[in-house]
Amino acid sequence: MTKPIIATASLAGCFGCHMSVLDIDAKILQLIELVEFNKSPIDDIKTFTKPCDVGLIEGGCGNSENVEVLRDFRKNCKALVAVGECAIMGGLPAMRNGIPIQECLEEAYLRCPTVDDKIIPNDEELPISLDKVYPLHEIVKIDYFLPGCPPSADLIWEALTALVGGKPLGLTYNLIKFD
Amino acid sequence: MNKIKFTIDGKECFAEPGQTIMEAAKANGVYIPALCRYEGLKPAGSCRVCTVRVGRGHMAACTQPVAEGMVVENIVPDLEDMRKSLIEMLFVEGNHLCPTCQKSGNCELQALAYRYQMLVPRFPYQFPVRQVEPVGPHLLLEQNRCIQCLRCVRGVKTTDGKAVFGSVKRSGKKKIAFDRDLAAGLSADAAKKAMDQCPVGALLKKEIGFMVPIGKRKFDQKPIGSEFEDKRS
(Lines give C-alpha, C1' and ligand atoms only; values in the text may rest on other atoms or scores of the structure.)
Protein backbone atom coordinates (compact mmCIF):
# COMPACT_ATOMS: atom_id res chain seq x y z
CA MET A 1 0.00 0.00 0.00
CA THR A 2 1.31 3.45 -0.87
CA LYS A 3 1.77 5.96 1.92
CA PRO A 4 -0.48 9.02 2.24
CA ILE A 5 1.18 12.10 0.76
CA ILE A 6 1.44 15.40 2.63
CA ALA A 7 2.24 18.89 1.33
CA THR A 8 2.78 22.01 3.44
CA ALA A 9 3.09 25.75 2.83
CA SER A 10 3.56 28.94 4.82
CA LEU A 11 1.64 31.94 3.45
CA ALA A 12 1.34 35.14 5.52
CA GLY A 13 2.73 33.37 8.59
CA CYS A 14 5.95 33.30 10.60
CA PHE A 15 6.90 29.64 10.08
CA GLY A 16 6.10 29.02 13.75
CA CYS A 17 3.52 26.39 12.83
CA HIS A 18 6.11 24.54 10.72
CA MET A 19 8.43 24.71 13.73
CA SER A 20 5.63 23.17 15.77
CA VAL A 21 5.42 20.30 13.26
CA LEU A 22 9.12 19.67 13.88
CA ASP A 23 8.36 19.90 17.62
CA ILE A 24 6.92 16.38 17.53
CA ASP A 25 10.55 15.44 18.27
CA ALA A 26 11.42 11.73 17.88
CA LYS A 27 7.93 11.02 16.54
CA ILE A 28 9.16 12.54 13.30
CA LEU A 29 10.75 9.13 12.59
CA GLN A 30 7.31 7.54 12.95
CA LEU A 31 5.88 10.27 10.73
CA ILE A 32 8.34 9.45 7.95
CA GLU A 33 7.26 5.78 8.21
CA LEU A 34 3.62 6.86 8.07
CA VAL A 35 3.56 9.46 5.30
CA GLU A 36 5.45 10.78 2.30
CA PHE A 37 6.14 14.51 1.87
CA ASN A 38 5.67 16.32 -1.42
CA LYS A 39 5.72 20.11 -2.00
CA SER A 40 6.90 21.58 1.29
CA PRO A 41 9.59 23.89 2.72
CA ILE A 42 10.60 20.93 4.92
CA ASP A 43 11.96 18.89 1.98
CA ASP A 44 12.35 21.88 -0.37
CA ILE A 45 10.18 20.40 -3.14
CA LYS A 46 9.00 23.57 -4.94
CA THR A 47 6.16 22.28 -7.14
CA PHE A 48 3.63 19.48 -6.84
CA THR A 49 4.98 16.32 -8.51
CA LYS A 50 1.86 14.26 -7.75
CA PRO A 51 -1.61 14.60 -6.23
CA CYS A 52 -1.51 14.81 -2.41
CA ASP A 53 -3.82 13.58 0.30
CA VAL A 54 -3.34 16.28 2.92
CA GLY A 55 -2.26 19.92 2.57
CA LEU A 56 -1.22 21.76 5.73
CA ILE A 57 -1.37 25.53 5.31
CA GLU A 58 0.07 28.03 7.74
CA GLY A 59 -0.64 31.77 7.53
CA GLY A 60 -3.44 33.81 6.01
CA CYS A 61 -3.69 35.34 2.53
CA GLY A 62 -2.00 38.76 2.39
CA ASN A 63 -0.88 38.99 -1.23
CA SER A 64 -1.54 37.64 -4.73
CA GLU A 65 1.13 34.95 -4.41
CA ASN A 66 -0.51 33.60 -1.22
CA VAL A 67 -3.79 33.28 -3.11
CA GLU A 68 -2.11 31.51 -6.04
CA VAL A 69 -0.31 29.01 -3.77
CA LEU A 70 -3.51 28.37 -1.81
CA ARG A 71 -5.52 27.69 -4.99
CA ASP A 72 -2.74 25.40 -6.21
CA PHE A 73 -2.98 23.47 -2.95
CA ARG A 74 -6.75 23.21 -3.25
CA LYS A 75 -6.35 21.78 -6.74
CA ASN A 76 -3.71 19.23 -5.71
CA CYS A 77 -4.77 18.13 -2.22
CA LYS A 78 -7.75 16.02 -1.23
CA ALA A 79 -8.03 17.63 2.22
CA LEU A 80 -6.81 21.07 3.26
CA VAL A 81 -6.02 21.90 6.87
CA ALA A 82 -5.78 25.52 8.11
CA VAL A 83 -2.99 25.36 10.69
CA GLY A 84 -2.75 28.12 13.32
CA GLU A 85 -4.46 31.42 14.11
CA CYS A 86 -3.18 33.27 11.01
CA ALA A 87 -4.65 30.65 8.68
CA ILE A 88 -7.94 30.67 10.59
CA MET A 89 -8.47 34.40 11.19
CA GLY A 90 -5.53 36.31 9.69
CA GLY A 91 -3.65 36.52 13.00
CA LEU A 92 -1.01 39.17 13.60
CA PRO A 93 -0.74 40.22 9.93
CA ALA A 94 -4.48 40.96 10.08
CA MET A 95 -3.75 43.80 12.51
CA ARG A 96 -3.31 45.89 9.36
CA ASN A 97 -6.88 45.15 8.26
CA GLY A 98 -8.26 48.36 9.75
CA ILE A 99 -5.67 50.50 7.96
CA PRO A 100 -5.93 51.30 4.21
CA ILE A 101 -3.17 49.48 2.26
CA GLN A 102 -1.84 52.76 0.82
CA GLU A 103 -1.27 54.08 4.34
CA CYS A 104 0.49 50.82 5.37
CA LEU A 105 2.88 51.05 2.40
CA GLU A 106 3.57 54.75 3.00
CA GLU A 107 4.27 54.12 6.67
CA ALA A 108 6.66 51.26 5.88
CA TYR A 109 8.49 52.65 2.85
CA LEU A 110 8.10 56.46 2.85
CA ARG A 111 7.80 57.60 6.46
CA CYS A 112 10.01 54.96 8.09
CA PRO A 113 13.11 56.76 9.46
CA THR A 114 15.47 53.83 8.77
CA VAL A 115 14.65 53.48 5.04
CA ASP A 116 17.14 55.18 2.64
CA ASP A 117 15.47 54.98 -0.79
CA LYS A 118 12.03 56.22 -0.04
CA ILE A 119 10.04 54.45 -2.76
CA ILE A 120 7.13 52.01 -2.54
CA PRO A 121 8.40 48.76 -4.19
CA ASN A 122 6.63 48.36 -7.50
CA ASP A 123 8.55 45.73 -9.47
CA GLU A 124 6.36 43.50 -11.60
CA GLU A 125 8.11 40.46 -10.05
CA LEU A 126 6.66 41.32 -6.66
CA PRO A 127 3.28 39.93 -5.61
CA ILE A 128 0.63 42.60 -5.04
CA SER A 129 -0.56 43.10 -1.46
CA LEU A 130 -4.27 42.54 -0.93
CA ASP A 131 -6.49 45.20 0.64
CA LYS A 132 -6.48 43.13 3.83
CA VAL A 133 -5.29 39.78 5.15
CA TYR A 134 -7.93 37.10 4.57
CA PRO A 135 -8.56 33.89 6.50
CA LEU A 136 -7.98 30.86 4.22
CA HIS A 137 -11.59 29.69 4.31
CA GLU A 138 -12.70 32.99 2.78
CA ILE A 139 -10.63 32.18 -0.35
CA VAL A 140 -11.02 28.39 -0.83
CA LYS A 141 -12.88 25.54 0.87
CA ILE A 142 -10.95 24.40 3.96
CA ASP A 143 -11.72 20.98 5.43
CA TYR A 144 -10.13 21.11 8.89
CA PHE A 145 -8.97 23.78 11.32
CA LEU A 146 -6.23 23.48 13.96
CA PRO A 147 -6.18 26.55 16.21
CA GLY A 148 -3.22 27.77 18.26
CA CYS A 149 -0.29 30.13 17.97
CA PRO A 150 1.27 27.79 17.18
CA PRO A 151 -0.93 24.68 17.48
CA SER A 152 0.91 22.39 19.89
CA ALA A 153 2.99 19.54 18.47
CA ASP A 154 0.60 17.15 20.23
CA LEU A 155 -2.40 18.64 18.45
CA ILE A 156 -0.68 18.45 15.06
CA TRP A 157 0.36 14.85 15.73
CA GLU A 158 -3.12 13.82 16.91
CA ALA A 159 -4.82 15.49 13.97
CA LEU A 160 -2.38 14.21 11.37
CA THR A 161 -2.40 10.60 12.55
CA ALA A 162 -6.20 10.63 12.78
CA LEU A 163 -6.47 12.13 9.31
CA VAL A 164 -4.10 9.76 7.49
CA GLY A 165 -5.36 6.80 9.53
CA GLY A 166 -8.98 7.59 8.68
CA LYS A 167 -9.91 7.78 12.36
CA PRO A 168 -12.28 10.30 13.96
CA LEU A 169 -10.61 13.35 15.48
CA GLY A 170 -10.80 13.15 19.30
CA LEU A 171 -9.57 16.49 20.61
CA THR A 172 -9.17 16.77 24.39
CA TYR A 173 -9.51 20.07 26.28
CA ASN A 174 -5.78 20.60 26.62
CA LEU A 175 -5.17 20.38 22.87
CA ILE A 176 -7.37 23.29 21.80
CA LYS A 177 -5.73 26.60 22.69
CA PHE A 178 -5.78 29.90 20.81
CA ASP A 179 -2.38 31.12 22.07
CA MET B 1 -40.57 29.27 53.99
CA ASN B 2 -41.98 27.36 51.06
CA LYS B 3 -39.37 26.32 48.54
CA ILE B 4 -40.16 26.43 44.84
CA LYS B 5 -39.82 23.08 43.10
CA PHE B 6 -38.65 22.97 39.47
CA THR B 7 -36.45 20.87 37.20
CA ILE B 8 -33.36 21.55 35.05
CA ASP B 9 -32.75 18.90 32.38
CA GLY B 10 -34.85 16.49 34.43
CA LYS B 11 -32.95 17.07 37.70
CA GLU B 12 -35.21 18.10 40.56
CA CYS B 13 -34.15 21.49 41.98
CA PHE B 14 -35.36 23.80 44.73
CA ALA B 15 -35.31 27.59 44.78
CA GLU B 16 -36.07 30.38 47.22
CA PRO B 17 -38.88 32.72 46.12
CA GLY B 18 -37.47 35.54 43.98
CA GLN B 19 -34.35 33.65 42.90
CA THR B 20 -33.47 33.73 39.22
CA ILE B 21 -33.02 30.48 37.28
CA MET B 22 -29.26 31.16 37.28
CA GLU B 23 -29.02 31.66 41.06
CA ALA B 24 -31.17 28.63 41.77
CA ALA B 25 -29.18 26.49 39.31
CA LYS B 26 -25.98 27.48 41.06
CA ALA B 27 -27.44 26.64 44.47
CA ASN B 28 -28.42 23.22 43.09
CA GLY B 29 -24.98 22.59 41.59
CA VAL B 30 -26.05 22.99 37.95
CA TYR B 31 -23.87 24.96 35.53
CA ILE B 32 -25.56 27.30 33.08
CA PRO B 33 -22.99 28.90 30.76
CA ALA B 34 -22.93 32.71 31.11
CA LEU B 35 -20.78 35.63 30.09
CA CYS B 36 -22.18 39.02 31.11
CA ARG B 37 -23.19 37.75 34.53
CA TYR B 38 -20.85 38.60 37.43
CA GLU B 39 -21.28 37.57 41.04
CA GLY B 40 -22.45 40.54 43.09
CA LEU B 41 -23.62 42.68 40.15
CA LYS B 42 -27.21 43.20 39.08
CA PRO B 43 -27.82 40.94 36.04
CA ALA B 44 -28.01 42.74 32.68
CA GLY B 45 -29.18 39.90 30.41
CA SER B 46 -27.12 41.40 27.60
CA CYS B 47 -25.07 38.48 26.24
CA ARG B 48 -27.86 35.84 26.09
CA VAL B 49 -25.31 33.02 26.51
CA CYS B 50 -27.33 31.77 29.50
CA THR B 51 -30.46 31.34 27.38
CA VAL B 52 -32.51 28.35 28.54
CA ARG B 53 -35.81 26.96 27.29
CA VAL B 54 -38.91 26.79 29.44
CA GLY B 55 -41.75 25.10 27.61
CA ARG B 56 -41.61 26.66 24.15
CA GLY B 57 -40.11 29.97 25.28
CA HIS B 58 -36.47 31.02 25.45
CA MET B 59 -35.34 33.20 28.32
CA ALA B 60 -32.15 34.54 29.91
CA ALA B 61 -31.52 32.43 33.01
CA CYS B 62 -29.73 35.34 34.74
CA THR B 63 -32.81 37.61 34.74
CA GLN B 64 -35.79 35.22 34.77
CA PRO B 65 -37.20 34.35 38.23
CA VAL B 66 -37.99 30.71 38.92
CA ALA B 67 -41.66 29.76 39.07
CA GLU B 68 -43.24 26.69 40.66
CA GLY B 69 -43.14 23.62 38.44
CA MET B 70 -40.90 25.17 35.75
CA VAL B 71 -39.36 22.61 33.39
CA VAL B 72 -36.04 24.14 32.32
CA GLU B 73 -33.94 22.81 29.45
CA ASN B 74 -30.27 23.77 29.73
CA ILE B 75 -27.57 21.45 28.34
CA VAL B 76 -29.40 20.22 25.23
CA PRO B 77 -27.87 20.08 21.73
CA ASP B 78 -29.81 22.91 20.03
CA LEU B 79 -29.34 25.35 22.94
CA GLU B 80 -25.65 24.48 23.20
CA ASP B 81 -25.23 25.12 19.47
CA MET B 82 -27.04 28.44 19.81
CA ARG B 83 -24.71 29.42 22.66
CA LYS B 84 -21.73 28.40 20.55
CA SER B 85 -23.01 30.57 17.71
CA LEU B 86 -23.31 33.54 20.11
CA ILE B 87 -19.68 33.04 21.15
CA GLU B 88 -18.68 32.84 17.47
CA MET B 89 -20.55 36.08 16.71
CA LEU B 90 -18.67 37.84 19.51
CA PHE B 91 -15.38 36.57 18.07
CA VAL B 92 -16.03 37.83 14.52
CA GLU B 93 -17.60 41.11 15.64
CA GLY B 94 -14.46 42.41 17.38
CA ASN B 95 -10.74 41.91 16.83
CA HIS B 96 -9.92 39.02 19.14
CA LEU B 97 -6.26 38.21 18.55
CA CYS B 98 -5.79 35.74 21.39
CA PRO B 99 -2.02 35.28 20.82
CA THR B 100 -1.43 38.99 21.55
CA CYS B 101 -3.89 39.38 24.42
CA GLN B 102 -2.85 39.86 28.05
CA LYS B 103 -6.06 38.16 29.20
CA SER B 104 -5.50 34.97 27.16
CA GLY B 105 -5.90 31.95 29.42
CA ASN B 106 -7.95 33.98 31.90
CA CYS B 107 -10.54 35.17 29.36
CA GLU B 108 -14.10 33.95 29.79
CA LEU B 109 -14.99 34.43 26.12
CA GLN B 110 -12.00 32.31 25.11
CA ALA B 111 -12.83 29.77 27.84
CA LEU B 112 -16.36 29.37 26.46
CA ALA B 113 -14.91 28.93 22.96
CA TYR B 114 -12.68 26.19 24.37
CA ARG B 115 -15.64 24.62 26.15
CA TYR B 116 -17.58 24.51 22.87
CA GLN B 117 -14.50 23.46 20.88
CA MET B 118 -14.80 26.43 18.53
CA LEU B 119 -12.20 25.69 15.85
CA VAL B 120 -13.40 28.38 13.45
CA PRO B 121 -16.43 30.72 13.64
CA ARG B 122 -19.24 30.00 11.16
CA PHE B 123 -19.58 33.75 10.46
CA PRO B 124 -17.23 35.97 8.39
CA TYR B 125 -14.76 38.13 10.33
CA GLN B 126 -15.72 41.81 10.43
CA PHE B 127 -12.30 43.34 11.28
CA PRO B 128 -13.84 46.55 12.70
CA VAL B 129 -11.70 49.66 13.22
CA ARG B 130 -11.56 50.43 16.93
CA GLN B 131 -9.33 52.36 19.31
CA VAL B 132 -7.32 51.75 22.46
CA GLU B 133 -7.92 54.44 25.08
CA PRO B 134 -6.17 55.21 28.39
CA VAL B 135 -8.61 55.27 31.32
CA GLY B 136 -6.93 57.26 34.08
CA PRO B 137 -3.38 56.46 35.18
CA HIS B 138 -3.73 52.69 35.70
CA LEU B 139 -6.18 51.31 33.10
CA LEU B 140 -6.42 50.78 29.35
CA LEU B 141 -9.69 50.33 27.45
CA GLU B 142 -9.03 48.01 24.49
CA GLN B 143 -12.15 48.60 22.36
CA ASN B 144 -11.05 45.87 19.88
CA ARG B 145 -11.85 43.22 22.48
CA CYS B 146 -14.91 44.74 24.12
CA ILE B 147 -18.04 42.57 23.96
CA GLN B 148 -20.32 45.11 25.67
CA CYS B 149 -21.32 42.85 28.52
CA LEU B 150 -21.77 46.01 30.64
CA ARG B 151 -19.98 44.49 33.63
CA CYS B 152 -17.78 47.61 33.94
CA VAL B 153 -20.81 49.88 33.59
CA ARG B 154 -22.47 48.04 36.46
CA GLY B 155 -19.42 47.31 38.57
CA VAL B 156 -16.70 49.97 38.31
CA LYS B 157 -17.61 52.76 40.74
CA THR B 158 -15.70 55.56 42.42
CA THR B 159 -15.33 55.51 46.22
CA ASP B 160 -18.46 57.70 46.48
CA GLY B 161 -20.47 55.33 44.28
CA LYS B 162 -20.47 57.10 40.91
CA ALA B 163 -20.35 54.91 37.78
CA VAL B 164 -17.13 55.48 35.78
CA PHE B 165 -18.27 53.71 32.60
CA GLY B 166 -21.36 54.00 30.47
CA SER B 167 -22.44 52.96 27.00
CA VAL B 168 -22.89 55.44 24.14
CA LYS B 169 -24.59 55.26 20.72
CA ARG B 170 -26.78 52.36 19.67
CA SER B 171 -26.85 49.09 17.73
CA GLY B 172 -23.67 48.37 15.73
CA LYS B 173 -22.10 51.68 16.80
CA LYS B 174 -22.68 51.10 20.51
CA LYS B 175 -19.52 51.26 22.59
CA ILE B 176 -18.27 51.70 26.11
CA ALA B 177 -17.25 55.23 27.16
CA PHE B 178 -16.04 56.66 30.44
CA ASP B 179 -15.89 59.87 32.44
CA ARG B 180 -12.32 61.22 32.28
CA ASP B 181 -12.42 63.03 35.60
CA LEU B 182 -13.84 60.05 37.49
CA ALA B 183 -11.41 57.68 35.72
CA ALA B 184 -8.46 59.87 36.75
CA GLY B 185 -9.36 59.21 40.38
CA LEU B 186 -9.38 55.38 40.12
CA SER B 187 -6.75 53.82 42.40
CA ALA B 188 -4.44 50.99 41.35
CA ASP B 189 -6.54 48.56 43.39
CA ALA B 190 -9.74 49.73 41.75
CA ALA B 191 -8.06 49.30 38.37
CA LYS B 192 -7.09 45.71 39.21
CA LYS B 193 -10.65 45.01 40.34
CA ALA B 194 -11.98 46.48 37.08
CA MET B 195 -9.64 44.27 35.06
CA ASP B 196 -10.80 41.19 36.99
CA GLN B 197 -14.45 42.11 36.40
CA CYS B 198 -13.94 42.38 32.63
CA PRO B 199 -14.56 38.92 31.12
CA VAL B 200 -12.25 39.65 28.14
CA GLY B 201 -9.09 41.69 27.64
CA ALA B 202 -10.90 45.01 27.13
CA LEU B 203 -10.05 46.53 30.52
CA LEU B 204 -6.39 46.06 31.31
CA LYS B 205 -4.43 47.22 34.31
CA LYS B 206 -1.12 48.56 33.08
CA GLU B 207 2.17 46.77 33.82
CA ILE B 208 0.73 43.42 34.92
CA GLY B 209 0.07 41.73 31.54
CA PHE B 210 1.50 38.23 30.94
CA MET B 211 2.50 37.84 34.63
CA VAL B 212 1.13 34.29 34.95
CA PRO B 213 2.95 31.70 32.83
CA ILE B 214 1.11 29.57 30.25
CA GLY B 215 -0.15 26.43 31.93
CA LYS B 216 -0.96 28.14 35.25
CA ARG B 217 -3.71 30.47 34.06
CA LYS B 218 -7.33 30.10 35.08
CA PHE B 219 -8.62 28.08 32.11
CA ASP B 220 -5.42 26.35 30.97
CA GLN B 221 -6.20 22.96 32.51
CA LYS B 222 -9.93 22.91 33.27
CA PRO B 223 -12.92 24.14 31.26
CA ILE B 224 -15.05 27.02 32.48
CA GLY B 225 -17.90 25.68 34.60
CA SER B 226 -16.03 22.50 35.54
CA GLU B 227 -16.05 23.57 39.22
CA PHE B 228 -19.84 22.95 39.21
CA GLU B 229 -19.70 19.78 37.20
CA ASP B 230 -16.98 18.25 39.40
CA LYS B 231 -19.11 18.89 42.47
CA ARG B 232 -22.15 17.27 40.89
CA SER B 233 -20.48 14.01 39.84
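For every chain, the first residue of the written sequence is number 1, and numbering continues from 1 along that sequence. Written order decides the labels, with chains lettered from A and ligands numbered from 1. pLDDT decides what is reported in this predicted model: residues at 70 or higher carry local features, side-chain atom pairs at 80 or more are listed and counted, and totals for whole chains, interfaces and linings draw on all residues regardless. Only hydrogens and water are set aside; all other atoms, that is, all heavy atoms of the structure, feed into the side-chain values.

Visitor: Tell me what's going on with the overall build of chain B, and back it up with residues and numbers.
Guide: Helix numbers and strand numbers start at the N terminus; a helix is a DSSP run of H or I with at least 4 residues, a strand a run of E with at least 2. A tally of helices and strands in chain B yields 7 helices and 10 strands. For chain B, whose C-alpha radius of gyration is 18 Å, the value lies close to the compact-globule estimate of 17 Å for 233 residues. A principal-axis box enclosing the C-alpha atoms of chain B has dimensions of 50 × 45 × 35 Å. Looking at the 233 residues of chain B, the share that counts as buried comes to 49%. Values of accessible area rely on a 1.4 Å probe in the Shrake-Rupley scheme; residue burial ignores everything except the protein chains shown. Of the roughly 11,500 Å² of accessible surface on chain B, 53% is carried by carbon and sulfur atoms. We treat Lys and Arg as the positive residues and Asp and Glu as the negative residues; His and chain ends play no part in the count. By convention, the charge on Lys lies at NZ, on Arg at CZ, on Asp at CG and on Glu at CD. Looking at charge distribution, chain B has the averaged site of its 36 positive side-chain charges lying 3 Å from that of its 25 negative ones. We compute the radius of gyration from the C-alpha atoms alone; for a globule the expected value is 2.2 Å times N to the 0.38, where N is the number of residues. The classification of residues rests on relative accessible area computed with a 1.4 Å probe and restricted to protein chains. Under 20% of the type maximum is buried, over 50% is exposed, and intermediate values are partly exposed.

Visitor: Help me get a handle on the interface of chain B and chain A, residues and values and all.
Guide: Contacts between residues were defined by any pair of non-hydrogen atoms, one from each residue, lying within 4.5 Å. Between chain B and chain A, the contact holds 26 residues from the first and 25 residues from the second. For any pair of parts, buried area is found by adding up, for both, the accessible area (1.4 Å probe) each one loses once the two are put together. With both sides pooled, the region where chain B packs onto chain A buries about 2,200 Å², and carbon together with sulfur makes up 67% of that total. Interface area lost by chain B to chain A is led by Y114, L119 and F127 of chain B, which between them contribute 33%. What counts as a salt bridge is simple: a side-chain nitrogen of Lys or Arg found within 4 Å of a carboxyl oxygen of Asp or Glu. Run the count over chain B and chain A and you get 1 salt bridge. Notably, a salt bridge pairs D179 of chain A with R217 of chain B, separated by 2.8 Å at the nearest N-O pair.

Visitor: Describe the packing of helix α2 (residues 27–34) of chain A against helix α6 (residues 153–165) of chain A, naming the residues involved and giving the relevant values.
Guide: Residue and element names in this part refer to chain A. Whenever a helix is involved, its axis is fitted only over the stretch in contact; in every case the axis is a line through C-alpha atoms, and angles between N-to-C directions fall within 0 to 180 degrees. For the pair α2 and α6, the least separation of the axes is 12 Å and the interaxial angle reads 20°. Compared by their axis directions, α2 and α6 come out roughly parallel. Note that α2 runs across α6; the crossing there is left-handed. Judged by residue contacts, K27, Q30, L31 and L34 of α2 engage D154, W157, L160, T161 and V164 from α6. Roughly parallel means an angle under 35 degrees; roughly antiparallel, over 145; roughly perpendicular, 65 to 115; everything else is oblique. By definition, any crossing whose near helix is turned counterclockwise from its far helix by less than a right angle is left-handed, and any crossing with a clockwise turn is right-handed.

Visitor: Break down the pattern of salt bridges for me, citing the residues and quoting the values.
Guide: When charged atoms on two side chains of opposite charge get close, those side chains can pair. Going through the model one piece at a time under the given rule, you end up with 21 salt bridges over all chains. When the shortest N-O distance is used, the salt bridge between E39 of chain B and R37 of chain B registers 3.2 Å. Residue classification places R37 of chain B among the partly exposed positions, given a relative accessible area of 22%. Between R151 of chain B and E108 of chain B there is a salt bridge; the shortest N-O distance is 2.8 Å. Remark: E108 of chain B occurs in helix α3 (residues 108–115) and R151 of chain B occurs in helix α4 (residues 151–155); sequence separation between them is 43 residues. On the basis of relative accessibility, which here comes to 1%, the residue R151 of chain B falls in the buried class. By relative accessible area, which is 14% here, E108 of chain B ends up buried. Overlapping salt bridges, with partners in common, bring together R74, K141 and D143 of chain A in one network.

Visitor: Could you give me a rundown of the sheet that holds strand β1 (residues 5–10) of chain A, with the residues and numbers involved?
Guide: Residue and element names in this part refer to chain A. Within the open sheet, the 5 strands sit side by side as β2-β1-β3-β5-β7. Their pairing is parallel. The open sheet has two free edges, formed respectively by β2 (36–37) and β7 (144–146), since each of these has just one partner strand. Strands β1, β3 (52–58) and β5 (77–83) of the sheet are contacted by helix α3 (residues 64–76), whose axis makes an angle of about 135° with β5. A pair of strands is labelled paired if DSSP reports no fewer than 2 bridges between them.

Visitor: Explain the nonpolar core to me, using residue names and the numbers behind them.
Guide: Definition used in this section: a nonpolar core is a set of buried Ala, Val, Leu, Ile, Met, Phe, Trp, Tyr and Cys residues joined via side-chain atoms within 4.5 Å. Within the largest apolar cluster, 63 residues are counted, with the highest numbers of intra-cluster contacts made by L35, I87, L109 and F165 of chain B. Elements represented by at least two residues in this core include exactly β3, β5 and α6 of chain A together with α2 (77–93), α3, β7 (139–142), β9 (175–178) and α6 (188–197) of chain B. What L35 of chain B contacts, discounting residues up to four positions off in sequence, is C47, V49, I87, L90, E108, L109, L112, I147, R151 and P199 of chain B. Counting residues in each nonpolar core, the second largest holds 31 residues, with V67, I88 and M89 of chain A together with Y125 of chain B among its members.

Visitor: Could you give me a rundown of the side chain of S85 of chain B, with the residues and numbers involved?
Guide: Residue and element names in this part refer to chain B. Along the chain, S85 falls in helix α2. With relative accessibility at 10%, the residue S85 sits in the buried group. With residues near it in sequence (within four places) discarded, S85 still touches R122 and F123.

Visitor: Describe the packing of aromatic side chains, with residues and values.
Guide: Two rings from Phe, Tyr or Trp (for Trp, the six-membered ring) form a pair when their centres are within 6.5 Å of each other. A pair whose planes differ by under 30 degrees is stacked, one over 60 is edge-to-face, and the rest are tilted. Applying the stated criterion across every chain, the model contains 7 aromatic pairs over all chains. Relative to F228 of chain B, the ring of Y31 of chain B lies with its centre 5.7 Å away and its plane at 35°, an arrangement referred to as tilted. With Y31 of chain B in the loop between α1 (21–27) and β3 (51–54) and F228 of chain B in helix α7 (residues 226–232), this residue pair connects regions lying 197 residues apart in the sequence. Both residues of the pair, Y31 of chain B and F228 of chain B, count as buried. Connected via pairs of aromatic rings, a cluster forms that spans Y173 and F178 of chain A together with F91 and Y114 of chain B. A cation sits over an aromatic face here: K177 of chain A above Y173 of chain A, 4.4 Å from the ring centre. Here, a charge over a ring means that NZ of Lys or CZ of Arg falls within 6 Å of the ring centre while also lying within 35 degrees of the ring normal. Sitting over the ring of Y114 of chain B, K177 of chain A keeps its end group 5.0 Å from the ring centre.

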